[in-house]
Amino acid sequence: MNVAAPTLFDRALRRITGVWRDMAQGVAHEEDESIAGQMRACLAGRGGEVSARNRAAKLAQAYLTLDEAGRRDFLMTLAGFDADADAVAAAFETVRAAPDIAARTAAKAQLRRALEPPRTRLLTQFTTIPDGMKFLVDLRASLLTLRAEDPMLAALEGDLKALLASWFDVGFLDLSAIDWNSPAALLEKLAGYEAVHGVRSWRDLKNRLDSDRRCYAFFHPRMPGEPLIFVEVALVRGLAGSVQDLLDEKAPVLDPKQADTAIFYSISNCQAGLAGISFGNFLIKRVVEELSGEFRNLKTFSTLSPIPGFRR
């Protein structure tokens, strides 16, 4: 069942690279076709918004066609578009020399602009292309494996994390229930992303989505069909003693209206590139609100989670 995720990824990759390739064909031939040259062209912004989107698509498409070493070089080039040290020093001196509050306020604003590396503008441009947000999430997943190799890569990862934390604020996320009637592609991803109790078969998955079970996930409007995190819930009578009882496919199905307890027995983060950006606590609170509104008979909400060191 877990082999589903790579298959889905391959299909999505072929589709989106085709879209980006079509967009890239709308880019006029640049004098410098190197990766660095393309990045400088993106920052220059010649030709307006449409040209900027097409250049970003061309860069994204180029990245995905590279091998592992090529992608590292791409990221190192991107990281090299850092803030200008001389401009930062000059702006800082202007702040120090400001004669009054008004001048100091203006100088601080200039210093903030000088401190912003051009690479953040490049990263932001990727959000304008189809599936660009997912591209950036996956880009950070790669950076997380490489950041220890070079301080510039670590700085780039930090910049991207800050952007993603802002774009993926919980206030922007949509909570959706997933059930057996959800699209097959989404169910396939659910099985592939399950990180706590692996899905063994379609029958196992169907059991987890039966009438006495609930599954909720957070989605981002710019990543439809891609769950960010999901939680699986069992509606039972009394506290469950083990997760094996909840996953037993032969266990009788309980009428949810007879349940008095909701057990949160599995929660999985789906996007490696969003590591360190917390959704879990907020997701559980939102689901408690949803379940309380749907079932007035629920009185207890609990988790079945290991407690390291508890036995000792």
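Overview of the structure. (Residues numbered from 1 in each chain as written. Predicted model: local features only at pLDDT ≥ 70, side-chain atom pairs only at ≥ 80, totals over all residues. Heavy atoms only, no water.)

Focus on helix α4 (residues 68–79)
Logical step 1: Between its first and last C-alpha, α4 extends 17 Å over twelve residues, near the 16 Å set by a 1.5 Å rise per residue.
Logical step 2: Within the span of α4, buried status applies to Gly 70, Phe 74, Leu 75, Leu 78 and Ala 79.
Logical step 3: Each element contacted by the buried residues of α4 is listed here: α2 (35–44), α3 (48–65), α7 (118–125), α8 (132–146) and α9 (151–167). (Helix = DSSP H or I, 4+ residues; strand = E, 2+ residues; numbered from the N terminus. Expected span 1.5 Å × (residues − 1). Buried < 20%, exposed > 50% of the residue type's maximum accessible area, 1.4 Å probe, protein only. Contact = heavy atoms within 4.5 Å.)

A word on the environment of Met 133
Logical step 1: As for its position among the elements, Met 133 is in helix α8.
Logical step 2: Counting along the chain gives 90 residues from Met 133 to Met 223, while the straight-line C-alpha distance between them is 6.8 Å.
Logical step 3: Contacts of Met 133, omitting those with residues within four sequence positions, involve Thr 127, Trp 167, Phe 168, His 220, Arg 222 and Met 223.

What about the environment of Gln 258?
Logical step 1: With respect to the helices and strands, the residue Gln 258 is situated in the loop between α12 (243–247) and β4 (261–269).
Logical step 2: Classification of Gln 258 by relative accessible area gives partly exposed; the value is 42%.
Logical step 3: Along the primary structure Gln 258 and Arg 237 are separated by 21 residues, whereas in three dimensions their C-alpha atoms are 7.3 Å apart.
Logical step 4: With residues up to four places along the chain from it excluded, the contact list for Gln 258 reads Arg 237 and Asn 297.

Some thoughts on the state of the cysteines
Logical step 1: For the structure on display, the rule yields zero disulfides.
Logical step 2: With no disulfide partner, Cys 270 has as its closest neighbouring cysteine sulfur the one in Cys 215, 8.9 Å distant.
Logical step 3: Cys 270 gets classed as buried once you look at its relative accessible area, which sits at 8%. (Disulfide = S-S within 2.5 Å.)

A short note on the sheet that holds β4
Logical step 1: Ordered in space as β1-β2-β3-β4-β5, the five strands form an open sheet in which the pairing is mixed. Of all strands in the sheet, those with a lone pairing partner are β1 (174–177) and β5 (300–303), marking the two edges. Going from strand to strand, the sheet's axes swing by 25 degrees on average, the running direction of each strand aside.
Logical step 2: As judged from the six bridges shared by strand β2 (residues 213–219) and strand β3 (residues 229–236), these two strands associate in the antiparallel manner. Directly across from Arg 213, in β3, lies its bridge partner Ala 234.
Logical step 3: Helix α13 (residues 280–294) rests against β1, β2, β3, β4 and β5 of the sheet, and its axis sits at about 135 degrees to β2. (Pairing = 2+ DSSP bridges. Axes fitted to C-alpha atoms, helices over the stretch in contact; angles between N-to-C directions.)

As far as function goes, none of this settles anything; it's purely spatial.
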